[in-house]
Amino acid sequence: MPPPILASVEAGVQTITLNRPERLNAFNPEMHGLLRQALERAADDDAVRTVLLTGAGRGFCAGQDLSERDLGGDAVIDLSVTIETLYNPLVRRMRALPKPIVCAVNGVAAGAGANVALACDLVLAARSASFIQAFARIGLVPDSGGSWVLPRLVGRARAVGLALLGDKLGAEDAERWGLIWKAVDDDKLMAEAGALASGLAAGPTCAYGLIKRALDDSETNTLEAQLDLERDLQRKAGLTEDYREGVAAFLEKRKAQFKGK
Ligand code: LHQ
């Protein structure tokens, strides 16, 4: 069997491919484990400055592998265990990763698959791709951060519609609604996502990490607290080599050569 996750690093970009195409890259425990390993490497390895996440085949990810859920018999199934041990740590790892994550949604993203995509920082989707909050279709509630991120991205009215109806939202509507960064032609998806990831991998990595932190913390901060946080984060950014290089490059009218330090 091919591994359910493919990961490789080139020129600062770690490309991670969900690789169970015959199941539309639905998650099983092995895939979770390997994806976490790849993200830990992204966190620890200075050679990785941006992550690019995509799926193999015609889908991005169909969420939890339902064929591995045996609902027969009288066994009580406690889904909170799966959430607590697999999905929540994954989303936390992604959001706290101090490096940008670009997502190239190459096809349908359903259930937890949609919300893992939305946990990335810059989401590009092929025009033929779609997002489905499939949970209510099978009697579940949005997880993997969906109930948090949806109203914040698209507003409550649209979040309620997506979550209760479980309808398919096409990539172009997803872009129009502000759910994702950009819908792109199918045959240009990987080139555009790759170029975006390469550009970020040549950028000021520490500042990117601090920007992620500032935007995430703003969700719960008052303006007062956020102003304090910005002060503290700017202090850190101002101590980086990349800040010195950025200013020097500006003054010398040349392109900055950021090292991610
Ligand atoms: C699948 C799946 C799948 C297995 C397609 N599993 N095989 C968290 C914690 C704990 C428990 C539960 O859940 C969660 C979070 C969740 O993610 S819940 C939501 C789970 N996901 C779904 O409900 C989506 C299920 N899939 C679909 O509705 C459709 O497959 C979509 C709309 C994604 C795509 O439809 P089509 O393009 O028509 O493809 P298809 O349905 O024909 O699927 C292709 C194959 O992939 C097929 O297998 P087959 O052997 O017949 O070719 C499907 O059975 C398989 N597949 N999703 N989640």
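Residues numbered from 1 in each chain as written. Predicted model: local features only at pLDDT ≥ 70, side-chain atom pairs only at ≥ 80, totals over all residues. Heavy atoms only, no water.

Participant: How do you make sense of the site of the ligand when you look at a structure like this?
Facilitator: The environment of the ligand is formed by 26 residues, the closest being Arg58, Ala62, Gln64, Leu66 and Ala112. The side chain of arginine 58 places a nitrogen or oxygen atom 2.9 Å from an oxygen atom of the ligand. Contact between the ligand and alanine 62: a nitrogen atom at 2.9 Å from a main-chain N or O atom of the residue. Protein contacts shield 68% of the accessible area of the ligand, which totals 1,000 Å² for the unbound molecule. When contributions to the shell around the ligand are tallied by element, the ones reaching two or more residues are helix 2 (79–96) and strand 6 (108–110). Top element by residues in the shell around the ligand is helix 2. It accounts for 3 residues. Residue classes in the shell around the ligand are distributed as 15 nonpolar, 4 polar and 7 charged. (Near = heavy atom within 4 Å. Polar contact = N/O pair within 3.5 Å; in protein donor to acceptor, adjacent residues only side chain to side chain. Areas by Shrake-Rupley, 256 points an atom, 1.4 Å probe, with all protein chains shown as cover. Helix = DSSP H or I, 4+ residues; strand = E, 2+ residues; numbered from the N terminus. Nonpolar A, V, L, I, M, F, W, Y, C, P; charged D, E, K, R; others polar.)

Participant: I would appreciate a short explanation of the domain arrangement of the protein in the present structure.
Facilitator: A common measure of how large an interface is: the accessible area buried when the components associate. We note that the domain assignment places domain 1 (5–201) and domain 2 (205–252) within the protein. Between the C-alpha centres of domain 1 and domain 2 there is a distance of 27 Å. Contacts between the two partners involve 12 residues from domain 1, matched on the other side by 6 residues from domain 2. Carbon and sulfur atoms supply 46% of the area buried between domain 1 and domain 2, which totals about 820 Å² over both sides. (Domains from an automatic or database assignment. Contact = heavy atoms within 4.5 Å. Buried area = accessible area lost by both parts, 1.4 Å probe.)

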